[in-house]
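# Results of the structural survey
Residues per chain are reported as follows:
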Amino acid sequence: MKAVVFQGAKEPLEVQEVDRPDCDDDGVVVETEACGICRSDWHAWQGDWGWIGLQPTPGLVFGHEPVGRVVEAGDNVSEFSEGDLVTNPFNLSDGTCPYCQAGRANICEKSIPMGFVPFQPGAFAEEYPVRDADQNLVAVPDGVDAMDIAGLGCRFATAFHGVGTRADITPGDWVAVHGCGGVGLSAVHVASALGGNVIAIDIVDEKLEKAEELGAVETIDSTEVQDVPQEVKAITDGSRGVEVSVEALGIAQTIQDSVNCLAPGGQHVQLGLTTSEEEGQVEVPIDNIVWDEREILGSYGMPPHEYDEIFRMMSGEKIEPAKIISETCALEDIPSVMERMGEFDTMGIPVCNEF
């Protein structure tokens, strides 16, 4: 079968013929119908995140935002069978650890990031495997198109979990979103659906316009203001800031801006992972965090059971994840899309839907 294969950090990605994945007793093999092309794939391709132990090896197949149909199921799989349309979180869990048992499978003690380790290849391929299928697979409801699901596995799911579960947004709250890439636009859309008054912040006019389409009530071009937190506070009718602030880039300046625009008792939600510039370390105003009892919350993926809430909100037309899809392409085009990501020349969620 064909797959996009990693050749080494910053080396050109190649479309090659590879072996079809094996199906173990507890897993399934899925024929890919669509897969989002995520900036996390780009980071791994660039050799980022060595400081957190992620060091992709040549031969790896990226792709962790998939949807497809089961073509083979292991003997121990009881919940899924051939022909089922399915998706899954990118961070696969085993279902047995204390975190899984507490409903927090996204931080499973044995979490395996799909497409970032050689023993769990991703979905930039005609077929992909999913281990522990009964734990990790999610059935796509009848009537939902595969393209409506592509991208849920990482960016939209991470934003949904961070904004909808980790943070406490109530109708009327002010919410700032720093960075309007795929995960940031997802956060704008979810926060707006939950009743938040969203302020979207970016440096690209087209992204800010898209944020408005997805529900933002105000936008800030950060290149046109001297102090983003003060601008945010001015927008919130002279109040002391926003109740929730979301950082979706992983850049030191925007992380600091996000924390600094919070009202007392406000919550900073960190969605973005850092690049080689920060290497996971960013200064924050710790005394202000103490004085104002601000909270810093991380959000890593989403446990499988939260997909039910996404599907419920989709059926009620409160959210439309497909609105964030910016372009589609064929498998052979993935390397060029990844290259454009390095120039920040993509918007929303690019999706491969031709295999």
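Everything quoted here is computed from the prediction, not taken from an experiment. (Residues numbered from 1 in each chain as written. Predicted model: local features only at pLDDT ≥ 70, side-chain atom pairs only at ≥ 80, totals over all residues. Heavy atoms only, no water.)

### Regarding the pairing of strand β11 (residues 197–202)
Along β11, 5 of the 6 residues are buried, which leaves the element largely enclosed by surrounding structure. In the sheet, strand β10 (residues 174–178) pairs with β11 via 5 bridges, with the strands oriented parallel. Each bridged residue has a counterpart across the sheet, and for valine 177 the counterpart in β11 is alanine 200. At this point the chain moves from β10, through helix α6 (residues 182–193), to the parallel β11, and the crossover so formed is right-handed. (Buried < 20%, exposed > 50% of the residue type's maximum accessible area, 1.4 Å probe, protein only. Helix = DSSP H or I, 4+ residues; strand = E, 2+ residues; numbered from the N terminus. Pairing = 2+ DSSP bridges. Right-handed = clockwise from strand over helix to strand, strands pointing away.)

### Describing the sheet that holds strand β15 (residues 295–298)
With parallel pairing, the 6 strands of this open sheet are ordered in space as β12-β11-β10-β13-β14-β15. The strands lining the two open edges of the sheet, one partner per strand, are β12 (218–221) and β15. Strand-to-strand twist in this sheet, taken as the mean axis angle between neighbours without regard to direction, amounts to 20°. Packing of helix α9 (residues 252–260) onto the sheet brings it into contact with β10, β13 (242–247) and β14 (262–270), and relative to β14 it is tilted by some 145°. (Axes fitted to C-alpha atoms, helices over the stretch in contact; angles between N-to-C directions. Contact = heavy atoms within 4.5 Å.)

### Focus on the packing of helix α5 (residues 152–166) against helix α11 (residues 307–315)
As a packed pair, α5 and α11 sit with axes 11 Å apart at the nearest point and diverge in direction by 85°. It follows from the interaxial angle that α5 and α11 lie roughly perpendicular. Between α5, through Leu152, Gly153, Phe156, Ala157 and Phe160, and α11, the contact on the second element is made entirely by Tyr307, Glu309, Ile310, Phe311 and Met313. A breakdown of the residues in the contact of α5 with α11 according to their chemical character gives 8 nonpolar, 1 polar and 1 charged. (Parallel < 35°, antiparallel > 145°, perpendicular 65-115°, else oblique. Nonpolar A, V, L, I, M, F, W, Y, C, P; charged D, E, K, R; others polar.)

### Quick word on the side chain of serine 258
Structurally, serine 258 is set in helix α9. Side chain to side chain, serine 258 and serine 245 meet in a polar contact 2.7 Å long. Dropping the residues within four chain positions of it, serine 258 is found in contact with His178, Ser245, Val246, Glu247 and His268. (Polar contact = N/O pair within 3.5 Å; in protein donor to acceptor, adjacent residues only side chain to side chain.)

### Here's the deal with the pairing of strand β3 (residues 28–36)
The element β3 is largely enclosed, with a buried count of 7 among its 9 residues. Note: β3 against strand β4 (residues 66–73), 7 bridges, orientation antiparallel. Bridge pairing links alanine 34 to valine 67 in β4. Sheet topology note: the β3/strand β8 (residues 127–130) ladder contains 4 bridges and is antiparallel. Counted as the bridge partner of glutamate 31 is glutamate 127 from β8. Of the strand pairs in this sheet, β3 and strand β17 (residues 349–354) are connected by 2 bridges, and their pairing is antiparallel. Across the sheet, glycine 36 pairs through a bridge with valine 351, a residue of β17.

### Some words on the environment of serine 40
Looking at where serine 40 falls in the secondary structure, it is placed in helix α1 (residues 39–46). Sequence separation between serine 40 and glycine 196 is 156 residues, and the spatial gap between their C-alpha atoms is 27 Å. If sequence neighbours within four positions are ignored, serine 40 has contacts with Trp49, His64, Phe116 and Cys154.

### Description of helix α8 (residues 228–235)
The complete set of buried residues in α8 reads Val228, Pro229, Val232, Lys233 and Ile235. One side of α8 holds all its buried residues, which, seen down the axis, span an arc of 160°. Where the residues of α8 are buried, they touch β10, β11, β12, β13 and α9. The N-capping residue of α8, defined by a side-chain oxygen 3.0 Å from the backbone nitrogen of glutamine 230, is aspartate 227. Once α8 ends, the next one or two residues include aspartate 237, with phi positive near 55°. (Arc of directions from axis to C-beta.)

### Things to note about the nonpolar core
Formed by 49 residues in total, the largest nonpolar core has its most connected members in Phe156, Phe160, Val175, Val188, Val246, Ile310 and Phe311. Ile37, Leu60, Met114 and Ala125 belong to the second largest nonpolar core, which has 38 residues in total. (Core = buried A, V, L, I, M, F, W, Y, C linked by side-chain atoms within 4.5 Å.)

### Details of the side chain of histidine 64
Relative to the helices and strands, histidine 64 resides in the loop between α1 and β4. At 3.1 Å, the side chain of histidine 64 forms a polar contact with the side chain of aspartate 41. With sequence-adjacent residues up to four places away left out, histidine 64 is seen in contact with Cys35, Cys38, Ser40, Asp41, Phe90, Met114, Phe116, Gly153 and Cys154.

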